[in-house]
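Survey of secondary and tertiary structure
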Amino acid sequence: MPLVGRPARAGAAIAFGFTMTVCAALPVAATEEAVEVPGPLAALRGTLTRPGVASAAVLIIPGSGPTDRDGNNPLGVAASTYRLLAEGLAAKGVATLRIDKRGMIGSAAAVADPDAVTVSDYAGDVQHWADLLRAKTGAACVWLVGHSEGGLVALSTAQKAEGICGLILVATPGRPLGQVLRDQLTANPANAPLLAQAFGTIASLEGGRRVDDGALHPALASLFRPAVQGFLIDAFVLDPSKLLAAWQGPTLIVQGERDLQVSAADARGLHQAALRSELFLVPDANYVLKTVVSPDRAANIATYRDPRLPLAIGIVERIATFVTAPRAR
């Protein structure tokens, strides 16, 4: 297998990364409510979790691919990371809204083609969700928690949106997506024969030029198929570090040091771009924020499939403290 991943919108995750439902364990006095905002063709849908009295309001933005509002997707992830985060924050007095992206899961009818969506589209949707969350909770502003690709969406939203308290960037790459993809491809020695063509294709897309997938190696044709080229062209021009440098609000960068998809170096790069930000490295947390105590890859991946495992110690507490701190209010 020459490639490490396929950047499909509806069918795979790009460089970031089993759907299972379990009974919610909400704290006493917390409630869940199904909510929606208008989408291009039909409603976008999400879940609002509110404690009895909310001290802050947080919008959780999902990562890449068909990741649902709970943090699960049919490609092998059933960790329920976002649901667990919502429940944990509710116990700390923080309201949350977690969402299904346009074209996917509960928001599937919002667009005809889930591949024909860009980061800019997602950012516009997040602004609508933020407005709803403010209206529902009475909060003057809301916090954006972006996981993986969701961090890039949060950064893009914050450049123009009003009513944003600050950002929590979780497992968010500090490099442009084109460079992330180059690094991923290079990391697998089996990709060596494809690198020249892959890098040329990435460079074309970075320049806003579509490529003829018929001229590509079959593995690359899947990676850069026409349906996702619009998304890639839009995403490749975005530099997370530059976006963060331009953002003047409070920022917390959360990164697990057992993450197999996004590195601590990415988190440090983001922090260096905005030294006013706070950096929280979690030694034994992985990409789905579960505890992993060994370097064993199989053990790490196994946590992706277990919603019963709690989030790594300290993550909920640090986020709750950050969004409720007097200096950030």
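I will try to describe carefully the structure that is included in this document. (Residues numbered from 1 in each chain as written. Predicted model: local features only at pLDDT ≥ 70, side-chain atom pairs only at ≥ 80, totals over all residues. Heavy atoms only, no water.)

Brief notes about the packing of aromatic side chains
On inspection of all chains with the given rule, the structure shows two aromatic pairs. Taken together, a centroid distance of 5.3 Å and an interplanar angle of 65 degrees make the contact between Trp143 and Phe322 edge-to-face. Of the two residues, Trp143 sits in strand β5 (residues 142–147) while Phe322 sits in helix α11 (residues 315–324), which places them 179 residues apart along the sequence. Each member of the pair Trp143 and Phe322 is classed as buried. Ring centres of Tyr287 and Tyr304 lie 6.3 Å apart, and the angle between their planes is 20 degrees; this geometry places the pair in the stacked category. Placement of Tyr287 in the loop between β8 (278–282) and α10 (297–302) and of Tyr304 in the loop between α10 and α11 is noted, with a sequence separation of 17 residues between them. The exposure class of Tyr304 is buried, given its relative accessible area of 6%. (Phe/Tyr/Trp six-rings, centres within 6.5 Å; stacked < 30°, edge-to-face > 60°. Helix = DSSP H or I, 4+ residues; strand = E, 2+ residues; numbered from the N terminus. Buried < 20%, exposed > 50% of the residue type's maximum accessible area, 1.4 Å probe, protein only.)

Notes on the sheet that holds strand β1 (residues 31–37)
Strand order across the open sheet formed by eight strands is β1-β2-β4-β3-β5-β6-β7-β8, with mixed pairing between neighbours. Two strands bound the open sheet, and with one partner strand each, they are β1 and β8. For this sheet, the mean inter-axis angle between neighbouring strands, taken without regard to orientation, is 20 degrees. Packing against the sheet, helix α9 (residues 264–273) makes contact with β6 (164–170), β7 (251–256) and β8, and its axis sits at approximately 170 degrees to β8. In the packing of α11 onto the sheet, contacts are made with β3 (56–61), β4 (94–99), β5, β6, β7 and β8, and the angle to β8 comes to roughly 170 degrees. (Pairing = 2+ DSSP bridges. Axes fitted to C-alpha atoms, helices over the stretch in contact; angles between N-to-C directions. Contact = heavy atoms within 4.5 Å.)

Let's talk about the packing of helix α2 (residues 119–137) against helix α3 (residues 149–158)
Two elements in contact, α2 and α3, have axes whose closest approach is 9 Å; the angle formed by their N-to-C orientations is 70 degrees. On the basis of their axis angle, the class for α2 and α3 is roughly perpendicular. Crossing of α2 over α3 shows right-handed handedness. Taking contact as the criterion, the partners of Val119, Tyr122, Ala123, Val126 and Gln127 in α2 are, on α3, Glu149, Leu152, Val153, Ser156 and Thr157. In the contact of α2 with α3, the residues fall into six nonpolar, three polar and one charged. (Parallel < 35°, antiparallel > 145°, perpendicular 65-115°, else oblique. Left-handed = near helix turned anticlockwise from the far one by under 90°. Nonpolar A, V, L, I, M, F, W, Y, C, P; charged D, E, K, R; others polar.)

With respect to the pairing of β1
Note: β1 against strand β2 (residues 44–50), seven bridges, orientation antiparallel. Within β2, the residue paired with Val37 across the bridge is Leu44. Between β1 and β2, which follow one another and run antiparallel, lie six residues.

Observations concerning the pattern of salt bridges
Counting across every chain of the model gives 17 salt bridges. Among the salt bridges present, the one from Arg182 reaches Glu206, with a minimum N-O distance of 2.7 Å. Taken as a pair, Arg182 in helix α4 (residues 177–187) and Glu206 in helix α5 (residues 195–206) lie far apart in primary sequence, 24 residues in all. Judged by its relative accessible area of 16%, Arg182 falls in the buried class. (Salt bridge = Lys/Arg side-chain N within 4 Å of Asp/Glu carboxyl O.)

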